[in-house]
Amino acid sequence: MTHAFDKDLEDRLVRYAAIDTQSDEDAPGAPSTAIQLVLLRLLETELTEMGASNVELTDYGVVLATIPGTAEGPTVGFLAHVDTAPQFNATGVKPRVVRGYNGGEITFPDNPDLVLSPTDFPYLATKQGHDIVTASGTTLLGADDKAGVAIIMTAAEHLLAHPEIPHGPIRIAFTPDEEIGRGVSPRLPKDLGADFAYTFDGGKVGEIEFETFSADAAEVTVTGVSIHPGFAKDKMVNAIHLAAKIIQTLPHVTMTPETTDGVDGFIHATDMVGGSSEMKLRFILRDFEREGLAAKGALLQQVCDAVAATEPRATITCEIRPQYRNMRYWLEKDMTPVDLANEACRKIGLAPVSVPIRGGTDGSRLTEMGVPTPNLFTGMQNIHGPLEWISVQDMAVATELCLTLSELAAKPA
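The model shown is predicted, which means the values in this text are computed figures rather than measured ones. For every chain, the first residue of the written sequence is number 1, and numbering continues from 1 onward in sequence order. Whole-chain, interface and lining totals are the exception, using all residues; otherwise, since this is a predicted model, local features are given only for residues with pLDDT of at least 70 and side-chain atom pairs are given and counted only at 80 or more. Computation of side-chain values covers all heavy atoms of the structure but excludes hydrogens and water.

1. A word on the side chain of Asp83
Test applied: Only runs of H or I of at least four residues qualify as helices and only runs of E of at least two qualify as strands under DSSP, and these elements are numbered from the N terminus. Categorising residues by exposure relies on relative accessible area from a 1.4 Å probe, with only protein chains included: less than 20% of the type maximum marks a residue as buried, more than 50% marks it as exposed, and the intermediate range marks it as partly exposed. The convention is simple: Lys and Arg are positive, Asp and Glu are negative, and His and the chain ends are not counted. By convention in these notes, a salt bridge is any Lys or Arg side-chain nitrogen within 4 Å of a carboxyl oxygen on Asp or Glu. Distance and chemistry together define a polar contact, namely a pair of N or O atoms within 3.5 Å, with one atom able to donate a hydrogen and the other to accept it when in protein, and with adjacent residues in sequence counting only for side-chain atoms on both sides. Whether two residues are in contact is decided by their heavy atoms, any of which lying within 4.5 Å being enough.
Tracing the chain through its elements places Asp83 in the loop between β3 (76-81) and β4 (96-98). Among buried charged residues, Asp83 stands out as having no salt bridge; its nearest opposite-charge side chain is Lys146, 8.9 Å away. Reaching out from Asp83, the side chain makes a polar contact with the side chain of Ser23 at a distance of 2.9 Å. Engagement of the side chain of Asp83 in a polar contact is seen with the side chain of His81, the distance being 2.9 Å. Look past the residues within four positions of Asp83 in its chain and what remains in contact with it is Thr21, Ser23, Gln36, Asp144, Asp145, Thr175, Pro176, Asp177, Glu178, Glu179 and Ile180.

Right under this line is the structure:
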């Protein structure tokens, strides 16, 4: 199976994925990690060299660029994020390409016990003959979302090399820190200057997503009473014990990521650090509806209050902060960008599929801030872990979608 964009996409993904760009929720600043600037500066250089206009790296860590319009039409934005998830090792990524996938199990050179099986992952079974990109077994790959970066860069280079293709003005943005919920600066909507936009940060071919989780983050701090354990009788209050009670009291079989799917939300304990004198617990709260999200926050607060009541000498605080909201609340008022993406999908021979995202994108925040931004497929699979993979040919289809969208947007209404 061959495609005009395959070589460029493969080259870009392999080069970009080898650069460590992991974000860090505990670090201030934008980007949260200086290593992200390595890729951001590379993209800035490559965009300049290919002839894009208005190329800049903002002081909040976003690369912006323009592909000048060749026809009348709205300004359309295309976005992808450069950071990789903090949840799994992303240092020393060694991308490799399994050419002409034979439909069997894929093994990993740096982790002989790891196996990527089409039996476990049926979507892989549909990619026989494709060129499959994975990491070497000890890291994630980072196709989330360097596949999106590669797709947009490949489409941009094609449009700049072919000014005969009719399209309106196109704005490109590569963001940092999406994985930690800090990819969209309050200044980005104005600086992007798009009438509507798309993130290329989705999975299976054909998926056009306009509904995401609504999300809050919570931090619980448990402060006990510290004293030498040899003299602790009736004096010490062990923060670890109280933290464990909080975890144990929360629902375990009805409201955790591993027990929910579809449109069910969850409370997910992500970190638990500290010692006997003080413990910090971090949670992410997710639900597709505002009311459900608020109820989960209230439940966490109630559990903290109940545990605190068992030990009045301790202090337990629960701070909840908003992260993003379901983009559906805004997009359902004007489905134009979604309808356009569906039309582009059909034009390249695909049946568009829309399913709620059990996660969020930079588009969630952008949509809430006034730039309608649905999410489009890239082909990425098994993200945030060592079994992550993507088909180069799926990426090529996403590139075709990007180009087709650009043309369709320029058509008169």
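Now that the structure has been shown, we can carry on.
2. So, unusual backbone geometry
Along the chain, Ala30 connects to Pro31 via a cis peptide bond; the corresponding omega equals 0°. Tracing the backbone shows Pro31 in the loop between α1 (6-17) and α2 (36-50). Between Asp144 and Asp145 the backbone carries a cis peptide bond, its omega angle lying at 10°. Mapping Asp145 onto the fold places it in helix α4 (residues 143-161). Phi at Asn54 is positive, roughly 50°, even though this residue is not glycine. Along the chain, the position of Asn54 falls in strand β1 (residues 53-57).

Read these as geometric descriptors, not functional statements.
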